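Listed below are the residues making up each chain.
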Amino acid sequence: MLAATLLSFGVIFVAELGDKSQLMAMTFALRYRWWVVIAGITVATTVVHLVSVGVGHFLGAAIPTTAMSILGGVAFLIFGLWTLRGDKLSDEEEQKARKVTGSAFLAVASAFFLAELGDKTMLATVTLAADNDWVGVWIGSTVGMVAADALAIVVGALLGKHLPEAVVKIGAAVLFFAFGAWLLLEGLFPDSPAGPIAAGAIVAVSAVAAIARRAVRGPHTPAPAEQVDAPRGS
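In this report, we go over the structure that sits alongside the text. Nothing here was measured: the structure is a model prediction, and the numbers come from that model.

## Some thoughts on the packing of aromatic side chains
Here's step 1: For the structure shown, the criterion picks out two aromatic pairs.
Here's step 2: Residues phenylalanine 9 and phenylalanine 13 carry aromatic rings whose centres are separated by 5.9 Å and whose planes lie at 20° to one another, so their mutual orientation is stacked. On the criterion of helical spacing, the pair formed by phenylalanine 9 and phenylalanine 13 is a turn pair, its members being four residues apart in helix α1 (residues 2-16).
Here's step 3: Residue phenylalanine 13 is classed as partly exposed on the basis of its relative accessible area of 23%.

Below you can see the structure in the form of structure tokens.
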């Protein structure tokens with residue numbers, strides 16, 4: 001169970017980085033006390049992920065491990081592409097986060113419950129529970145999401161709108177691609193170390209590419225985020 005808990009914690013924590021839920025957590029934290037927001041997120045996540053591990057557990061019992069590993073690898077590759085695409089709050093979700101009346105706790109819990117239904121973190125939890133201990137996945141995924149959203153609340157309060165969103169988004173996508181390659185190759189070649197080797201290679205190549213890009217850009221060249229405010233005609 002410990003291995004499933006740690007694995008699901010890491011995967012879901014990464015999945016939440018730059019996700020829509022983090023944007024909602026930051027928005028709620030601007031209006032309500034931080035502990036109310038955390039409590040609401042925890043309750044909503046606990047319920048949603050309980051449903052997810054239930055679906056994944058029974059689904060996994062009916063599907064061979066090899067096939068499940070291949071499907072999981074494909075799913076995580078999709079999560080990586082999804083993360084690169086990015087998430088933005090819709091107008092309705094923005095208004096719900098800023099103008100909800102009544103109980104703050106119920107507002108946060110209900111908003112996060114609805115936001116997580118069908119989200120990539122829920123799908124990732126289903127995938128993990130299909131081939132791991134469901135109790136461990138439930139605990140790890142819940143704690144991972146709450147920890148990521150708590151980080152978003154703290155960082156958002158300290159840095160406001162100056163978060164390096166592009167770096168966070170690309171980093172999360174790279175880890176998803178690494179997870180996906182590992183699972184996919186593990187399913188295709190069960191007795192081969194190709195999975196962990198490919199995952200390590202993806203992370204290493206991405207790190208080298210990031211360092212090389214920074215070196216080519218030079219220390220005195222403005223970062224892309226700083227060029228956004230430049231006049232369009234220049």
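## Regarding the nonpolar core
Here's step 1: The biggest cluster of nonpolar side chains holds 33 residues, and the ones touching the most others in it are Phe28, Val37, Ile41, Phe76, Val108 and Phe112.
Here's step 2: Where this core is concerned, the elements lending two or more residues are α1, α2 (20-29), α3 (34-62), α4 (65-85), α6 (104-116), α7 (120-129), α8 (134-159) and α9 (165-188).
Here's step 3: Looking at this core, the element that brings in the most residues is α3, giving six residues.

## Regarding α1
Here's step 1: Compared with the 21 Å implied by 1.5 Å per residue over 15 residues, the 21 Å span of α1 between its first and last C-alpha is a close match.
Here's step 2: Glycine 18 occupies a position one or two residues after α1 and carries a positive phi of about 75°.

## Here we look at the layout of surface pockets
Empty space among the atoms becomes visible once a probe the size of a water molecule is rolled across them.
Here's step 1: Volume-wise, the second largest pocket comes out at about 250 Å³.
Here's step 2: If you trace the second largest pocket, you find 14 residues lining it, with Leu7, Leu128, Asn132, Leu183 and Glu186 closest to the centre.
Here's step 3: At the level of secondary structure, the elements contributing two or more residues to the lining of the second largest pocket comprise α1, α4, α7 and α9.
Here's step 4: When the residues that make up the lining of the second largest pocket are grouped by side-chain class, the tally is eight nonpolar, four polar and two charged.

## With respect to α2
For the α-helix, the turn length of 3.6 residues means that residues three or four positions removed from each other point alike.
Here's step 1: The buried count for α2 comes to eight of ten residues, which makes it a mostly enclosed element.
Here's step 2: Buried residues of α2: Lys20, Ser21, Gln22, Met24, Ala25, Met26, Thr27 and Phe28, and no others.

## Structural notes on the packing of α2 against α6
Here's step 1: Contact pair α2 / α6: the axes reach a minimum separation of 11 Å and the direction vectors enclose 165°. It follows that α2 is roughly antiparallel to α6 by the angle criterion. Note on packing geometry: the crossing formed by α2 with α6 is right-handed. Facing α2, whose interface residues are Ser21, Met24, Ala25 and Phe28, α6 presents Ala107, Val108, Ala111, Phe112, Ala115 and Glu116.

Conventions used here
- Residues numbered from 1 in each chain as written.
- Predicted model: local features only at pLDDT ≥ 70, side-chain atom pairs only at ≥ 80, totals over all residues.
- Heavy atoms only, no water.
- Phe/Tyr/Trp six-rings, centres within 6.5 Å; stacked < 30°, edge-to-face > 60°.
- Helix = DSSP H or I, 4+ residues; strand = E, 2+ residues; numbered from the N terminus.
- Buried < 20%, exposed > 50% of the residue type's maximum accessible area, 1.4 Å probe, protein only.
- Core = buried A, V, L, I, M, F, W, Y, C linked by side-chain atoms within 4.5 Å.
- Expected span 1.5 Å × (residues − 1).
- 1 Å grid on protein atoms, 1.4 Å probe; cavity = no way out; pocket = protein on both sides within 12 Å on 5 of 7 lines; lining within 4 Å.
- Points joined across faces, edges and corners; volume = space filled by probe spheres on them.
- Nonpolar A, V, L, I, M, F, W, Y, C, P; charged D, E, K, R; others polar.
- Axes fitted to C-alpha atoms, helices over the stretch in contact; angles between N-to-C directions.
- Parallel < 35°, antiparallel > 145°, perpendicular 65-115°, else oblique.
- Left-handed = near helix turned anticlockwise from the far one by under 90°.
- Contact = heavy atoms within 4.5 Å.

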